[in-house]
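Chain by chain, the residues:
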Amino acid sequence: MSTNYGRLVREPDAGERRQEWGTVVETDLRIDRADAEKLVDALAVDFAGSFNLFYLLRKHYWTVEGSERGEVAEFLRDAYRRTRRINDAIAVRIVELGGIPPNTPPTIQERAPVHLEAEDLYDLRASLEGDLDGYAALVASVREHVGLAADLGDQDTVERLRDHLETLEDDAHSVEEFLAGDTLVRRTEVE
């Protein structure tokens, strides 16, 4: 299959730019601008990580196979939807703080603590192990940023991130349960 990436990012031919990427504008939240900049930078990492985790989970939902297909596929579908809602909520909070969420592949990948899987297909166990690694990276990042928001006195961000953290930890636990024992069999073990 040939690859033609073309021009990845375009700038509109017309229209007025309302805010430059990488800047944080004053808002009505009464958060010091320097603190808002720190929060926006931190949340950009969580946004990018949840964006990549969403894509991992969705890919695995599309490609899941095996005797546990139904149960695992249902979980993956629900998990990628939850992760996408978290991703959107983080983006909204970044905007509320006066920033712009990362929104092009390069800016997302520069910040993401969760790495995408190669485009090949892997067995379900390997895929879920990668998902669990992604959850671990994102949970660690979000947990760190709960502390940052608390230190900066942004209780609203603290509460939102704690809610996201609970969802992510619950989903990570479900992945651990799928991986436990012999519930998932490697293809080579069946052949």
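Refer to the structure printed above.
Rules and cut-offs
Residues numbered from 1 in each chain as written. Predicted model: local features only at pLDDT ≥ 70, side-chain atom pairs only at ≥ 80, totals over all residues. Heavy atoms only, no water. Helix = DSSP H or I, 4+ residues; strand = E, 2+ residues; numbered from the N terminus. Expected span 1.5 Å × (residues − 1). Contact = heavy atoms within 4.5 Å. Buried < 20%, exposed > 50% of the residue type's maximum accessible area, 1.4 Å probe, protein only.

Asker: With reference to specific residues and values, describe helix H5 (residues 155-179).
Answerer: Helix length check: H5, at 25 residues, gives a terminal C-alpha distance of 36 Å against a target of 36 Å (1.5 Å per residue), a fit within 8%. Residues of H5 that are buried in the fold lie against helix H1 (33-63), helix H2 (69-96) and helix H4 (124-151).

Asker: For unusual backbone geometry, give the residues involved together with the corresponding values.
Answerer: With a phi angle near 65 degrees, arginine 30 is a residue other than glycine that sits in the positive phi range. The residue arginine 30 is located in the segment before H1 in this model.

Asker: Provide a residue-level description of the side chain of aspartate 154, including the pertinent values.
Answerer: Of note, aspartate 154 is situated in the loop between H4 and H5. Using a relative accessible area of 4% as the deciding quantity, one classes aspartate 154 as buried. In contact with aspartate 154, not counting residues within four places along its chain, are Ile31, Leu39, Arg93, Leu97 and Ala149.

Asker: Account for the environment of alanine 14, naming residues and giving values.
Answerer: Along the chain, alanine 14 falls in the segment before H1. The class for alanine 14 is exposed, based on a relative accessible area of 63%. C-alpha separation for the pair alanine 14 and arginine 81, spaced 67 residues apart in sequence, amounts to 35 Å.

Note that all results are geometric; they support no functional claim without further evidence.
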